[in-house]
Each structure stands twice: as C-alpha cells, then as structure tokens.
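Descriptive structure summary
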Amino acid sequence: MSDRPRFALRFISGKYQGGEFPLRMNREIIIGRSSDLDMVLVEDMVSRRHAKISSTDTEVYIQDMGSTNGTFVNGEKIAGRALLHEGDRILVGTSIIKVVAVEGALASTTEAEARRKLEAGAQQRQATQGRPMSGVIEEIPLPDLLQLLSTSRKSGVLTVNNGVSLGKIYLRKGSIYFATINDDFAVSPQKAIYRMLTWLTGTFELEPSVEMQVMEEIQESTEGLLMEGVRQLDEFRNLQKQLPPLGSPLAVPTPLAGKLRDLTPSELDTFQLVLDHGQLQKVLDNFPGTDLDAAQNIISLMKREFVVVP
C-alpha cells in the first residue's frame, strides 16, 4: 500500500500523553483546535489551524500555518517547512510529540480510530489528573525539555521527581530565574539546576504559578545554563570514579601529611567543610562553587592525604 505508515506521532507530554497517530504516506494532515481537522488538539495555546504535516513515499515534513504560539522542532521555532526524522520532538501548545517508527497494530489503525483514542485518552487524563503538561524524563531528557520550554517562552514551575529528590525550576517567559532541590535554599540555584541535569529517570510536571520573590535571581540565559550544565556533567562523570559514594564519611587524619599553607584558598575552604560536616554529600552541598570544583578539590586533598575516607 502506497499510504502504509512508516512513522507515527507519539504524544509524550501534555493533555494527550500516551496517544499515537499514524502518518500515512502521500498524505497531508492539519493539526489545530478546529473540530473539522485531521488531528484536533483542544487547548488554548493551539491555534484553530496550527500546523500541517505532509508526507511523500519517503519523507515527512511539518509546516507552521501562521499559528499564534508557533511550532517547534527539537527546540527550534520553525519558519517554513521542516523535514522530520525519527526521534524528532515537536512542540504544539503544551503537547510534546515524538516522531517514532510504526510498530504492530498501529500500522493498520485508521486516522479516525487514532483520533477517537486521542480524544478518549485526553478526557481520561483530565478526569484523573488535570495536569496540563507532564511526562517522564526517560522520554525527553531534562536539557531537551528546558530548551523547548525556553524557546516557547513558557512560564510556571517545572517540578521534577527522580524518586529520591524533588526539584523545582522556576520559569518566566522561558527564562529560568530560580531553582531548588528539596526546598534547600542553602544550595545555589545554579548548582541545583546542574545537579538536576544529571537525573536520567523520573517524572516532570509544568504547573502555572504566581511569581516567586527571591533574593538573587539567576542572571544567565537558559541556553548558557544548559551548555555549562552539560559541560560540567561530562567532566563530573569522568571524575566520579575517583570519588567515594556520595554518602561516604570524610575525615582529616592526624598528623597531617603536609602543610596547610600549601593548599590553595579553594582547597582550604573544602578542607574546612570536611572538618565541619564530615560527609561527601554535605561538603558538596555547602561548597560555594560548583560540584565539579568541589570534586576536583576533594580528589586533590585525598591524593595528598589531607582527607581520607575512614
């Protein structure tokens, strides 16, 4: 069959999360809020005629139709027609949609059936959760999600739960202005974001919120934060094999193996934190700089036997 679908749209966040829509070849579908369209997404941020997806025998394209809030592919707002590939993520309104290969019964699902399932799933989610935008970070990693929220100028609180800790990222028109983990205000907001970028599993939810008043707002751009966070993440992972587990106790031996005056000011601050707190995680939490800088100091102190794991 010339129109047999090779790809499908899978909703990984938003009102229609979990729904799938096959993309038949040699076909055009219109996405929007109007009830007479091929794919109907009923939400305020979706225009009546929002975007068009067209396919040939081998390729799939998406085009924005002059929507109010724009159409985004992999975090970039599209101006004309954009070629789609498997794995691409599309943002329409509050829905994040992933382009996937068609598998199993979905290949024989008609557009009418897919549309009914989308609507039924949305009604069920609304009745049980009422959350406008949520999902799992296994499907959309946090750096990608934050880039999408930034370029689409979303506001609210992004709550991220990795099963152990609860992170909150505060957004104003796409800009991150504050962040906490477990409401611990002793950890700087930048450090909180860099740590959350290391989380590979968990759930997220974007909730509307009132403005939070904080003493010091983050001044860096979201793009700059993400670039620096990913750089630090790569370097920290390389160092981690030289560190004990985060819950490990740390101690200062007596007598010391060297002279304190040989330490840099930053190493001396880290040495003081080991004396004060005696645990790796607490030293990282209370270090005024980044986790990466603290880790480098701890490794240096351990190599010279100023600090040991008892």
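All values derive from a computational prediction rather than experimental measurement.

Thresholds, definitions, all that
- Residues numbered from 1 in each chain as written.
- Predicted model: local features only at pLDDT ≥ 70, side-chain atom pairs only at ≥ 80, totals over all residues.
- Heavy atoms only, no water.
- Buried < 20%, exposed > 50% of the residue type's maximum accessible area, 1.4 Å probe, protein only.
- Helix = DSSP H or I, 4+ residues; strand = E, 2+ residues; numbered from the N terminus.
- Pairing = 2+ DSSP bridges.
- Axes fitted to C-alpha atoms, helices over the stretch in contact; angles between N-to-C directions.
- Parallel < 35°, antiparallel > 145°, perpendicular 65-115°, else oblique.
- Contact = heavy atoms within 4.5 Å.
- Nonpolar A, V, L, I, M, F, W, Y, C, P; charged D, E, K, R; others polar.
- Phe/Tyr/Trp six-rings, centres within 6.5 Å; stacked < 30°, edge-to-face > 60°.
- Lys NZ or Arg CZ within 6 Å of the ring centre and 35° of its normal.
- Core = buried A, V, L, I, M, F, W, Y, C linked by side-chain atoms within 4.5 Å.
- 1 Å grid on protein atoms, 1.4 Å probe; cavity = no way out; pocket = protein on both sides within 12 Å on 5 of 7 lines; lining within 4 Å.
- Points joined across faces, edges and corners; volume = space filled by probe spheres on them.

Here's the deal with the pairing of strand β9 (residues 81-84)
Burial along β9 is one-sided: Ala82 and Leu84 are buried, and none of Arg81 and Leu83, which face the opposite way, are. One ladder, built from 4 bridges, connects strand β6 (residues 60-64) with β9; its direction is antiparallel. In the strand pairing of β9, Ile62 is matched with Ala82.

Examining the packing of helix α2 (residues 142-151) against helix α4 (residues 222-240)
At a closest axis distance of 10 Å, the pairing of α2 and α4 adopts a crossing angle of 170°. For the element pair α2 / α4, the angle class is roughly antiparallel. Contacts from Pro143, Leu146, Gln147 and Ser150 in α2 reach Thr222, Leu226 and Val230 in α4. When the residues that make up the contact of α2 with α4 are grouped by side-chain class, the tally is 4 nonpolar, 3 polar and no charged.

Observations regarding the pairing of β6
Of all 5 residues that make up β6, 4 are buried, and the element is covered over most of its length. Relative to β6, strand β5 (residues 51-55) runs antiparallel, the two sharing 5 bridges. Across the sheet, the residue bridging to Ser55 is Val60, located in β6.

A few points about the packing of aromatic side chains
Scanning the model with the defined rule gives 5 aromatic pairs in all. On the basis of an interplanar angle of 55° and a centroid distance of 5.9 Å, the ring pair of Phe11 and Tyr16 is categorised as tilted. We classify Phe11 as buried; its relative accessible area is 1%. Both rings, one in Phe271 and one in Phe306, keep their centres 6.4 Å apart while their planes meet at 90°; by these two values the pair is edge-to-face. Pair noted here: Phe271 is in helix α5 (residues 265-277) and Phe306 is in the segment after α7 (291-303), with a separation of 35 residues, a long-range link. Residue classification places Phe271 among the buried residues on the basis of a relative accessible area of 7%. For Phe306, a relative accessible area of 3% puts it in the buried group. The ring of Tyr177 is capped by Arg172, whose NZ or CZ atom sits 4.1 Å from the centre of that ring.

Thoughts on the nonpolar core
Core analysis: the biggest nonpolar cluster contains 30 residues, and Ile96, Leu142, Leu145, Leu146, Leu158, Ile176 and Met196 have the highest contact counts within it. Put simply, the parts of the chain that give this core at least two residues each are α2, β13 (156-161), β14 (166-172), β15 (175-181), α3 (189-196), β16 (203-207) and α4. A total of 5 residues in this core trace back to one element, the largest contributor, which is α2. Judged by nonpolar contacts, the second largest core, of 27 residues, contains Phe21, Ile29, Met39 and Ala122.

What about empty space enclosed by the protein?
Counted according to the given criterion, the structure contains 1 cavity of 30 Å³ or more. Among the elements of the structure, β3 (27-32) and β5 are those that each provide at least two residues to the lining of the largest cavity. Across the lining of the largest cavity, the residue classes break down as 3 nonpolar, 2 polar and 3 charged.

Geometric descriptors of this kind do not, in isolation, establish any biological role.
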